[in-house]
Amino acid sequence: MASSVSITAEPIDERRRNFILDRAVHTNGVRKYSSAEEAGDAPLAQAVLGVPDVCEVVLSGNVLTVVQNGNQSWGALEPQIRYAIEAATHAENDVGFSGR
């Protein structure tokens, strides 16, 4: 099993927040996903898009930008997003993205 991932959350605005990881999530440019189906090649993006009220995920380097629809507070969403990130990174030893 992979070691625990370090995650730092930084707000951008009311609907967007960066989750900065201690490892790369995508090393080949920038990828944007708006649905779990669209994120079929990116298990971490799929996991985060599975969190209710998350409507978009953008991956670049070690940053995962999450966009929510505004139906929940970040206080309610952030623990769910952190759990999804940790679960996905444990399932994949190096996060499991295409274009690594």
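Scroll up to find the structure this text is about.
Keep in mind that this is a model prediction, so the values were computed, not measured. Counting of residues starts from 1 at the beginning of each chain's written sequence and follows it residue by residue. Owing to the predicted nature of the model, reporting of local features is limited to residues with pLDDT of at least 70; listing and counting of side-chain atom pairs is limited to 80 or more, with chain, interface and lining totals taken over all residues. Calculated side-chain values reflect all of the structure's heavy atoms, with hydrogen atoms and water omitted.

Asker: Tell me about helix 2 (residues 74-91), and name the residues and values.
Answerer: Over its 18 residues, helix 2 extends 25 Å from the first C-alpha to the last, a length consistent with the 26 Å expected when each residue adds 1.5 Å. Note on classification: 1.4 Å probe, protein chains only; a residue is buried when its accessible area is under 20% of the maximum for its type, exposed when over 50%, partly exposed between these limits. Think of it this way: any DSSP run of H or I at least four residues long counts as a helix, any run of E at least two long counts as a strand, and we number them from the N terminus. Within helix 2 the residues assigned to the buried category are Trp74, Leu77, Glu78, Ile81, Ala84, Ile85, Ala88 and Thr89. For helix 2, the buried positions fall inside an angular range of 130° around the axis, keeping them on one side. Exposed positions of helix 2 whose direction lies more than 90 degrees from the buried face are Gly75, Tyr83 and Ala91. Contact between two residues is taken to exist if any of their heavy atoms lie within 4.5 Å; hydrogens are not considered. On its buried face, helix 2 sits against strand 1 (7-11), strand 2 (16-21), helix 1 (43-49), strand 4 (54-61) and strand 5 (63-68). A helix is expected to reach a length of 1.5 Å times the quantity of its residues less one. When we speak of the arc, we mean the arc of directions from the helix axis to the C-beta atoms.

Asker: Give me the lowdown on unusual backbone geometry, citing residues and values where you can.
Answerer: Backbone geometry places aspartate 53, a non-glycine residue, at a positive phi of 80°. Structurally, aspartate 53 can be placed in the loop between helix 1 and strand 4.

Asker: So, the sheet that holds strand 3 (residues 26-33): which residues are in play, and what are the values?
Answerer: In short, DSSP must find at least two bridges between two strands for them to pair. Read from one edge of the open sheet, five strands run 1-2-5-4-3, paired in antiparallel fashion. With partners counted over all chains shown, the strands left at the sheet margins are strand 1 and strand 3, one partner each. Ignoring strand direction, the axes of neighbouring strands in this sheet form an average angle of 20°. Here the axes come from fitting lines to C-alpha atoms, over the contacting stretch only for helices, and the angles between their N-to-C directions go from 0 to 180 degrees. Sheet contacts for helix 2: strand 1, strand 2, strand 4 and strand 5; angle to strand 2, the most-contacted strand, approximately 35°.

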